[in-house]
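Each chain, written out:
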4 protein chains.
Amino acid sequence: MSLLPAMPDCENTPNQQGLSLEDVQGKQDTRGISLQRVGVSQVEMPIRLVQKNGQPQTVAATAKMSVDLPAHEKGTHMSRFIIQLAQWSEEKVLSLNIAEFLTEMKARLKAHSAQLDLTFKYFINRQAPVSAMSAPMGYLCQIRGRIEGEQISILMGVTVPCSTLCPCSKAISDFGAHNQRAEIRATLQLDTAHSHPMVWLEDIIAGLEETASCPVFPLLKRADEKWVTERQYTNAKFVEDVIRDATLMLRQTQGVSCFSLEVEALESIHAHNAWVAHAENFDANLL
Amino acid sequence: MSLLPAMPDCENTPNQQGLSLEDVQGKQDTRGISLQRVGVSQVEMPIRLVQKNGQPQTVAATAKMSVDLPAHEKGTHMSRFIIQLAQWSEEKVLSLNIAEFLTEMKARLKAHSAQLDLTFKYFINRQAPVSAMSAPMGYLCQIRGRIEGEQISILMGVTVPCSTLCPCSKAISDFGAHNQRAEIRATLQLDTAHSHPMVWLEDIIAGLEETASCPVFPLLKRADEKWVTERQYTNAKFVEDVIRDATLMLRQTQGVSCFSLEVEALESIHAHNAWVAHAENFDANLL
Amino acid sequence: MSLLPAMPDCENTPNQQGLSLEDVQGKQDTRGISLQRVGVSQVEMPIRLVQKNGQPQTVAATAKMSVDLPAHEKGTHMSRFIIQLAQWSEEKVLSLNIAEFLTEMKARLKAHSAQLDLTFKYFINRQAPVSAMSAPMGYLCQIRGRIEGEQISILMGVTVPCSTLCPCSKAISDFGAHNQRAEIRATLQLDTAHSHPMVWLEDIIAGLEETASCPVFPLLKRADEKWVTERQYTNAKFVEDVIRDATLMLRQTQGVSCFSLEVEALESIHAHNAWVAHAENFDANLL
Amino acid sequence: MSLLPAMPDCENTPNQQGLSLEDVQGKQDTRGISLQRVGVSQVEMPIRLVQKNGQPQTVAATAKMSVDLPAHEKGTHMSRFIIQLAQWSEEKVLSLNIAEFLTEMKARLKAHSAQLDLTFKYFINRQAPVSAMSAPMGYLCQIRGRIEGEQISILMGVTVPCSTLCPCSKAISDFGAHNQRAEIRATLQLDTAHSHPMVWLEDIIAGLEETASCPVFPLLKRADEKWVTERQYTNAKFVEDVIRDATLMLRQTQGVSCFSLEVEALESIHAHNAWVAHAENFDANLL
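Residues numbered from 1 in each chain as written. Chains lettered and ligands numbered in written order. Predicted model: local features only at pLDDT ≥ 70, side-chain atom pairs only at ≥ 80, totals over all residues. Heavy atoms only, no water.

A. Region of interest: the overall build of chain A. Looking only at helices and strands, chain A features 6 helices and 10 strands. With respect to the principal axes defined by its C-alpha atoms, chain A has extents near 80 × 40 × 40 Å. Looking at chain A as a whole, 66% of its 287 residues are labelled buried. Sequence separation of at least 24 residues holds for 65% of the intrachain contacts in chain A that already meet a minimum separation of 6. Per element, the accessible surface of chain A, about 10,100 Å² overall, is 50% carbon and sulfur. Each charge class in chain A was averaged separately, 26 positive and 33 negative side chains, and the resulting centres sit 2 Å apart. (Helix = DSSP H or I, 4+ residues; strand = E, 2+ residues; numbered from the N terminus. Buried < 20%, exposed > 50% of the residue type's maximum accessible area, 1.4 Å probe, protein only. Contact = heavy atoms within 4.5 Å. Areas by Shrake-Rupley, 256 points an atom, 1.4 Å probe, with all protein chains shown as cover. Lys, Arg positive; Asp, Glu negative; His and termini not counted. Charge placed at Lys NZ, Arg CZ, Asp CG, Glu CD.)

Structure (structure tokens):
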């Protein structure tokens, strides 16, 4: 990305004839309606994130960026979002500095509030339980940062694939038990007011997949497959069990002040899913 | 759908040897966590809805159904959801009686709260503006009903395709102006406390598409295409303009007590979208 | 749908001032390239289909319609596709008469070839194996008809959800065996040259799901769940086994002259899928 | 990714008790059906690709990998696919060496044919036409490599967002013209038999977007927006025009022996799309 030094952020670029072009967005609006979120969506951008091991990982992010719009302004200057995101894409690694990103965004757009949503696949090496062979596995994650005045809130979302084995099927059947791929989806509001260790996607994922009948793995040899099969069978859980154990785990996670959870199992006996949702101290208006 | 009269709703079906099968879901749970929503998702079912003209329309709905689960119960009896939905699919037309559906669901599952979400394409005949030729057009819609104790809330959601023509592009260009397909997405909380006329999807859709630069149509002849092109051009609107006019329209809609709106334009000059969101008196925890 | 009798199919609709509007599509093209398929996609339309029981079922179809375009013509008159589809939506039931649909389409567009693709959910009542309780289940289906000169070809596609239980996992584990939801996807070219009984979606679906470890069902009570669990376990199959048995079944299906098959299992031990594809006498250029 | 040196590729891993685990996949099959493609799908993996500028770009790829399976073998050893892909993910940069990848895959799986499909977003810096400001833009791309015996074929797929402005709307309207976002989708079979310069995604994308009414850009200032609007208007094209010009361009592209093209325009006057497809010397059985 190269931003020409002569015209950083200048909306009012002269046209080819050197004439100034009208700023329609900057005009007055008379309907008296201030808008809560105005911006761009489905913006694709490579973003570097800090991993728990300290190294950066470049993810292919889909971004939504928005600011509030006062009642008297007709429109937002949307190119400024892309300019900022492209600069950060090239120059910076995102992590603790999300507050800096939001503050910059609020200033560039001359707004009172600003919000950034990133959705991306995050790769973590996963080791098989017996053979110890490993391969990367991609987890669907979200980061949402919001600044309102000086107040910053940060949400972290993650989808953890796993498996569930049905306790009812196991209890009533002479042999076997139906099991299936499932997903644990968590949205965590990070506690930005207190001092505590960083909350890492790596730790949240590892903690959540322990609450399932069994984690899933990218690479399994036969000894691993035996281990996984037997672990599933001895650890039968309904989606209700998984979400209760995930609730217990998140209640004890330092730095997470409130959370929303969903577990959805792609039942192997139905074409529809078993689904459960539970939130604690969570305000969905944050979403 | 045929439900054998001998065993309606009976979980404890004897197996083939006449033995009773253990009810694992009915066991005690000791973790002390009551769950907010437990049920089934991605259930596909034909559902008959009442149209504004009084005739039923059968839609191919995707349903999510859930109830709360007390802390001491291990699991929900999920087949009961399907039994009820299949019975209604065969026997009833859904409309004002959604309260009856929810009350029945709460009773069947012995729950305190119950929730039904339906997502479906709803077809409405759309007439071209000049030729008056018409064809069906499918609108993505949602209905959510929730009962909590005796309190019922109803949300109606609709996605209205339309077009926007950019006022900035029109003002600064010597000829032409970029325009594009856009979507207005509205979620309305219906006022169930007061007496007023029914809120119809047909009316909400018609009202919202008037707020765009121009509606879109399934069938246009040349005289229609000329009309649409000129209407777009003379009615230039940012997504910010559309959502403000949609806000004015919904404020005046009888029977709608609060609402959440989004407008997203598939910009013809970018691969990303312009996006705006605005809600009034709306509690996202309802979603 | 109502088509005003005064102007059926007339492209050259006078505008409001009574002037004739230029037919740009009808102009000459000089690049010398005849195009294979020109038309409309993502058209949503209710379509009535004949069921095996003789009754019509209205499905919410997504249609793609196209014709060839000679080298000297600039464009196709796309509104004619919508006019025809809307008329059939209102007036006719689609089945054996797909040849009539294609012939009409070829004539309306003055083309040499014409093609119709419909994708839809098709509902079939499914009965549980022990309790015999039933509910509708939606199957993703496609119909493609193509006419080239006088030659008609018809493809029928169906996605059948089912389950597979892993023979390897069963053999190496002391107890249990991983199983999962899977999909069998078949595309069949119907034999339009010979006389034989109709090929019904109902029969193809029933035949294909027998080739899995077990079918899936919309509604299962406990005795059914026991039956399904034990059937899965005693009928362990890799995706390779399923596709081989599906191949044997389709080879013996009267009226199916060639086919393409895929089986994909949403492994409960991985976040990725096991996948297999096999075709016999099938020309993918038909797709 | 770390692969333990002691057990590379060893299926027959001893279990925890030191016993050998049965190789069920390696058993005999008696149905007499050799399968064309057996493998894994929806595998997510970071892959490094060579860019035209010589630097590597890491993409978040979704992979499908398959081999043929002889009639007498019961199943494929699917973990070997993941082992190879993870090793390449860690150690290699993919480009000209796709033949090496396929040869290795064929050997690891002891197969006659092997196929790799990668789907990913590929980022290219795009410069605005007047301000010259730039930002990354993500293009959906595919690479398919296939080896059959010693014969290697390579397909390259790309989706290029762009815009079309309707010539009919422009001709019949007193002012304005409807335009919209569109997509050009090309699948190219590379000529591996002759010596010629490399075919680069960067060049194919640049060439294809020139065939539209106008390219789309990630970042536009007002002078750019004026340029884009006027370029669209002076360069009115049907989807039929775009595909004909794309055909002319690809016919002259060195290294491309045959191709398949689609153009789909998200019409701003309809909720459905205009669509056109055309292939030259292309065998869809390659897909």
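Past the structure itself, the notes keep going.
B. Representation of the packing of aromatic side chains. The full count for this structure, using the stated rule, is 12 aromatic pairs over all chains. The interplanar angle of 75° and the centroid separation of 4.8 Å between the aromatic rings of W88(C) and F101(C) together place this pair among those described as edge-to-face. Taken together, the positions of W88(C) in helix 1 (residues 79–91) and F101(C) in helix 2 (residues 98–108) put the pair 13 residues apart, joining distant regions of the chain. Across this residue pair, the class does not change: W88(C) and F101(C) are buried. On the numbers, 6.5 Å between centres and 75° between planes, the contact of F120(D) with Y122(D) is edge-to-face. Note on F120(D): relative accessible area 2%, which makes it buried. (Phe/Tyr/Trp six-rings, centres within 6.5 Å; stacked < 30°, edge-to-face > 60°.)

C. Representation of the pattern of salt bridges in the model. Considering all chains together, one arrives at 92 salt bridges over all chains under this definition. Put simply, E44(D) and K121(A) hold a salt bridge, and the shortest N to O gap is 2.2 Å. With E44(D) in strand 1 (residues 35–50) and K121(A) in strand 4 (residues 113–127), the pair connects residues from two separate chains. In this structure, K237(D) engages D245(D) in a salt bridge whose closest nitrogen and oxygen atoms are separated by 2.6 Å. One exposure class covers both K237(D) and D245(D), and it is buried. The network of salt bridges with shared partners includes D29(A), R31(A), K74(A), K237(B), D241(B), R244(B) and D245(B). (Salt bridge = Lys/Arg side-chain N within 4 Å of Asp/Glu carboxyl O.)

D. Quick look at the interface of chain B and chain A. Of the residues lining the interface, 57 residues belong to chain B; the matching set on chain A comes to 57 residues. In total, chain B and chain A occlude about 4,600 Å² of area from one another, counting both sides; carbon and sulfur atoms represent 55% of this. At the junction of chain B and chain A, the tally comes to 8 salt bridges. We note a salt bridge from D241(B) to K74(A), for which the minimum N-O separation is 3.0 Å. Between chain B and chain A we count 29 residue pairs in polar contact (both at pLDDT 80 or more) in total. Elements with a contribution of two residues or more to the side of chain B that touches chain A: strand 1 (35–50), strand 2 (56–69), helix 3 (167–172), helix 6 (239–251), strand 9 (256–265) and strand 10 (273–280) of chain B. Here the side of chain B that touches chain A is composed, by residue class, of 28 nonpolar, 14 polar and 15 charged. Sheet topology note: the strand 1 (residues 35–50) of chain A/strand 10 of chain B ladder contains 5 bridges and is antiparallel. Among the inter-strand pairings, S41(A) is bridged to a residue of strand 10 of chain B, identified as N273(B). (Buried area = accessible area lost by both parts, 1.4 Å probe. Polar contact = N/O pair within 3.5 Å; in protein donor to acceptor, adjacent residues only side chain to side chain. Nonpolar A, V, L, I, M, F, W, Y, C, P; charged D, E, K, R; others polar. Pairing = 2+ DSSP bridges.)

E. Structural detail: the relation of the copies chain C and chain D. Once turned by 180° and shifted 0.0 Å along the axis, chain C lies on chain D with an RMSD of 0.0 Å. Both chain copies can therefore be described as sitting about a two-fold axis. If distances are taken from each C-alpha of chain C to the rotation axis, the shortest is found for A284(C), at 2.7 Å. An overlap of 100% is found between the interface residues of chain C and their copies at the interface of chain D, pointing to a shared contact surface. (Least-squares fit on C-alpha atoms with pLDDT ≥ 70 in both.)

F. Region of the structure containing the packing of helix 4 (residues 201–209) of chain D against helix 6 (residues 239–251) of chain D. Residue and element names in this part refer to chain D. Between helix 4 and helix 6, the least distance of the axes is 9 Å, while the angle of their chain directions is 145°. The interaxial crossing formed by helix 4 with helix 6 has right-handed handedness. For the pair formed by helix 4 and helix 6, the contact residues are D203, I204, G207 and L208 on the first element and A246, M249 and L250 on the second. (Axes fitted to C-alpha atoms, helices over the stretch in contact; angles between N-to-C directions. Left-handed = near helix turned anticlockwise from the far one by under 90°.)

G. Main features of the relation of the copies chain B and chain A. The operation relating chain B to chain A is a screw motion whose rotation component is 180°, with 0.0 Å of axial translation and a residual RMSD of 0.0 Å. When the interface residues of chain B are mapped onto chain A, 100% of them again fall at the interface, so both copies present the same face.

H. Quick look at the environment of L190(D). Residues and elements named next belong to chain D. Along the chain, L190 falls in strand 7 (residues 179–190). The exposure class assigned to L190 is buried, which follows from its relative accessible area of 14%. Residues L190 and F259 lie 69 residues apart in sequence; the distance between their C-alpha atoms is 8.8 Å. Dropping the residues within four chain positions of it, L190 is found in contact with I154, M156, V199, G255, V256 and S257.

I. Inspection of the interface of chain C and chain D at higher detail. Listed by partner, the interface residues are 57 residues for chain C and 57 residues for chain D. Notably, a salt bridge pairs R31(D) with D245(C), separated by 2.9 Å at the nearest N-O pair. Of all the elements in the fold, those that place two or more residues in the side of chain C that touches chain D are strand 1 (35–50), strand 2 (56–69), helix 3 (167–172), helix 6 (239–251), strand 9 (256–265) and strand 10 (273–280) of chain C. Here the residues of the side of chain C that touches chain D sort into 28 nonpolar, 14 polar and 15 charged.

J. How the structure looks around the pairing of strand 2 of chain C. Residues and elements named next belong to chain C. Both strand 1 and strand 2 contribute to a ladder of 12 bridges, which runs antiparallel. Its bridge partner lying in strand 2, M45 is registered against A61. Connecting strand 1 to the next strand, strand 2, in antiparallel fashion are 5 residues, including G54 with a positive phi near 90°.

K. Quick look at the side chain of R126(B). Residues and elements named next belong to chain B. When you line up the elements, R126 lands in strand 4 (residues 113–127). Accessibility expressed as a relative area gives 15% for R126, which makes it buried. Within polar-contact distance, the side chain of R126 engages the side chain of Y139 at 3.3 Å. Ignoring sequence-local partners within four residues, the contact set of R126 consists of M133, S134, A135, M137, Y139, E209, P215, V216, F217 and P218.

L. Representation of the confidence of the model for chain A. Confidence along chain A averages 92 in pLDDT terms, with 93% of residues attaining 70 or more. As scored by the predictor, the complex reaches a pTM of 0.93 and an ipTM of 0.91. (pLDDT = per-residue confidence, 0-100.)

M. Region of the structure containing the pairing of strand 10 (residues 273–280) of chain A. Buried residues dominate strand 10 of chain A, accounting for 8 of its 8 residues. Residues of strand 10 of chain A alternate between two faces, with N273(A), W275(A), A277(A) and A279(A) on one and A274(A), V276(A), H278(A) and E280(A) on the opposite face, all of them buried.

N. Quick look at the environment of A271(B). Within the fold, A271(B) resides in the loop between strand 9 and strand 10. Linking A271(B) and N97(B), residues 174 residues apart in sequence, is a C-alpha distance of 44 Å.

O. Seen up close, the state of the cysteines. Using the criterion set out here, one finds 0 disulfides over all chains in the structure. Not part of a disulfide, C168(B) finds its nearest cysteine sulfur in C166(B), a span of 5.0 Å. Exposure remark for C168(B): the relative accessible area of 0% places this residue in the buried category. Here C258(C) is not cross-linked by a disulfide; its sulfur's nearest cysteine counterpart is in C141(C), at 18 Å. Under the relative-accessibility criterion, C258(C) is labelled buried at 4%. (Disulfide = S-S within 2.5 Å.)

P. Here's a closer look at helix 5 (residues 222–234) of chain C. Between its terminal C-alpha atoms helix 5 of chain C stretches 18 Å, which fits the 18 Å expected from 13 residues at 1.5 Å a residue. The buried fraction of helix 5 of chain C is high, at 11 of 13 residues. Residues of helix 5 of chain C that are buried include every one of R222(C), A223(C), D224(C), E225(C), K226(C), V228(C), T229(C), E230(C), R231(C), Q232(C) and Y233(C), and no others. If you follow the buried residues of helix 5 of chain C, they end up packed against helix 3 (167–172) of chain A together with strand 6 (151–165), helix 3, strand 7 (179–190) and strand 8 (214–215) of chain C. (Expected span 1.5 Å × (residues − 1).)

Q. Just unusual backbone geometry, in detail. A positive phi angle, near 60°, is found at N281(A), a position not held by glycine. Tracing the backbone shows N281(A) in the segment after strand 10.

R. Representation of the environment of R108(B) within the structure. All names here are of chain B. Mapped onto the elements of the fold, R108 is located in helix 2 (residues 98–108). Taking relative accessible area as the criterion, R108 reaches 14% and is therefore assigned buried. When the C-alpha positions of R108 and H77 are compared, they lie 9.5 Å apart, and in sequence the two are 31 residues distant. Within the structure, the side chain of R108 is placed 2.6 Å from the side chain of Q87, a separation counted as a polar contact.

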